[in-house]
Amino acid sequence: MSQDQFMREAIQLAEQGMSGGRGGPFGCVVVRRGQVVGRGNNRVTSANDPTAHAEVTAIRDACSHLQTFQLTDCELYTSCEPCPMCLAAIYWARIPTVYYGNTRADAAAIGFDDDFIYQQVALPPEKRTVKMTPLLREAAQTAFKDWTNLAQKVRY
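Residues numbered from 1 in each chain as written. Predicted model: local features only at pLDDT ≥ 70, side-chain atom pairs only at ≥ 80, totals over all residues. Heavy atoms only, no water.

1. Section: the pattern of salt bridges
For the structure shown, the criterion picks out 5 salt bridges. Between Glu9 and Arg39 there is a salt bridge, with its nearest N and O atoms 2.4 Å apart. Of the two residues, Glu9 sits in helix α1 (residues 3-19) while Arg39 sits in strand β2 (residues 35-41), which places them 30 residues apart along the sequence. On the basis of relative accessibility, which here comes to 39%, the residue Arg39 falls in the partly exposed class. Here Asp49 makes a salt bridge to Arg60, at a shortest N to O gap of 3.9 Å. In this pair, Asp49 is assigned in the loop between α2 (44-47) and α3 (54-66) and Arg60 in helix α3, connecting sequence segments 11 residues apart. The class of Asp49 is partly exposed, set by a relative accessible area of 22%. Salt bridges here are not isolated pairs; linked through shared partners, they connect Arg32, Arg33 and Asp73. (Salt bridge = Lys/Arg side-chain N within 4 Å of Asp/Glu carboxyl O. Helix = DSSP H or I, 4+ residues; strand = E, 2+ residues; numbered from the N terminus. Buried < 20%, exposed > 50% of the residue type's maximum accessible area, 1.4 Å probe, protein only.)

This is the structure we're talking about:
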């Protein structure tokens, strides 16, 4: 399949998810060596899960299918430029290449404005609109110290 065909599948997933009442107009495929290994569409409203964006569901599907948490040899095709959460998931999954259809400006024009979140992420925690308060850092350090000393840890 060609890049255009992969993007068309992502777009089709967006339309199917939206028309099927599963969520917003977003679809995504993860591709490895020319084969689709993960598919997703937005399922925020149908799953009552604010993290069930198309990219996240496609990444989860690909990781499950491939039995790995790193997708270093994959490409992601998404019907819209990823939001900050999805972009972070892409980085965590180590996906090196993303193709997108609509831009975040296009999404904002239909009521999906991620710009606020992009701006908030860049701020220091004390300046964000979500109140962020450090609490029990010393107690929380125990798990980090244990991780440092753990011989059998799997790095990611």
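2. Comments concerning helix α7 (residues 137-149)
Here α7 is 13 residues long and its end C-alpha atoms lie 19 Å apart, about the 18 Å a rise of 1.5 Å per residue gives. With respect to burial, α7 is a largely exposed element, only 0 of its 13 residues being buried. (Expected span 1.5 Å × (residues − 1).)

3. Here's the deal with a nonpolar patch on the surface
A grouping of Phe69, Trp92, Trp147, Leu150, Val154 and Tyr156 is seen on the molecular surface, where their side chains present a nonpolar patch of about 690 Å² in accessible area. Looking at the element boundaries, Tyr156 is found in the segment after α7. Here Tyr156 falls in the exposed class, since its relative accessible area comes to 60%. (Patch = residues over 30% accessible without salt bridge, like charges linked within 9 Å, V, L, I, M, F, W, Y side chains within 5 Å. Areas by Shrake-Rupley, 256 points an atom, 1.4 Å probe, with all protein chains shown as cover.)

4. Regarding the sheet that holds strand β4 (residues 97-102)
Spatial strand order, β2-β1-β3-β4: 4 strands in an open sheet with mixed pairing. Strands with a single pairing partner mark the edges of an open sheet, and in this sheet they are β2 and β4. Adjacent strand axes in the sheet meet at a mean angle of 15 degrees, parallel and antiparallel pairs treated alike. Here 5 bridges tie strand β1 (residues 27-32) to strand β3 (residues 74-80), and the two strands are oriented antiparallel to one another. By the bridge assignment, Val30 is partnered in β3 with Leu76. Strands in contact with α3 are β1, β2 and β3; relative to β2, the strand with the most contacts, it is inclined by about 140 degrees. (Pairing = 2+ DSSP bridges. Axes fitted to C-alpha atoms, helices over the stretch in contact; angles between N-to-C directions. Contact = heavy atoms within 4.5 Å.)

5. Concerning the pairing of β2
Along any regular strand, the residues point their side chains to alternate faces of the sheet. Counting buried residues along β2, 5 of its 7 residues qualify, which places the element largely inside the surrounding structure. In terms of strand pairing, β1 meets β2 through 6 bridges, oriented antiparallel. Note that in β2 the partner of Arg32 across the bridge is Gln35. Once β1 ends, the chain turns through 2 residues before running back antiparallel as β2, passing Arg33 with a positive phi of about 50 degrees.

6. Description of the packing of aromatic side chains
Centre distance and the angle of the planes are the two values used to describe a pair of aromatic rings. Counted under the stated rule, the structure contains 5 aromatic pairs. Consider the rings of Tyr77 and Tyr99, whose centres lie 4.7 Å apart with planes at 15 degrees: the pair is stacked. With a gap of 22 residues between them, Tyr77 in strand β3 and Tyr99 in strand β4 connect regions that are remote in the sequence. Accessibility expressed as a relative area gives 1% for Tyr77, which makes it buried. Among the residues examined, Tyr99 registers a relative accessible area of 25% and is labelled partly exposed. (Phe/Tyr/Trp six-rings, centres within 6.5 Å; stacked < 30°, edge-to-face > 60°.)

7. Some remarks on unusual backbone geometry
Even without a glycine there, the phi angle at Arg33 is positive, about 50 degrees. By secondary structure assignment, the location of Arg33 is in the loop between β1 and β2. Even without glycine at this site, Asn48 takes up a positive phi of about 50 degrees. By the secondary structure assignment, Asn48 is in the loop between α2 and α3.

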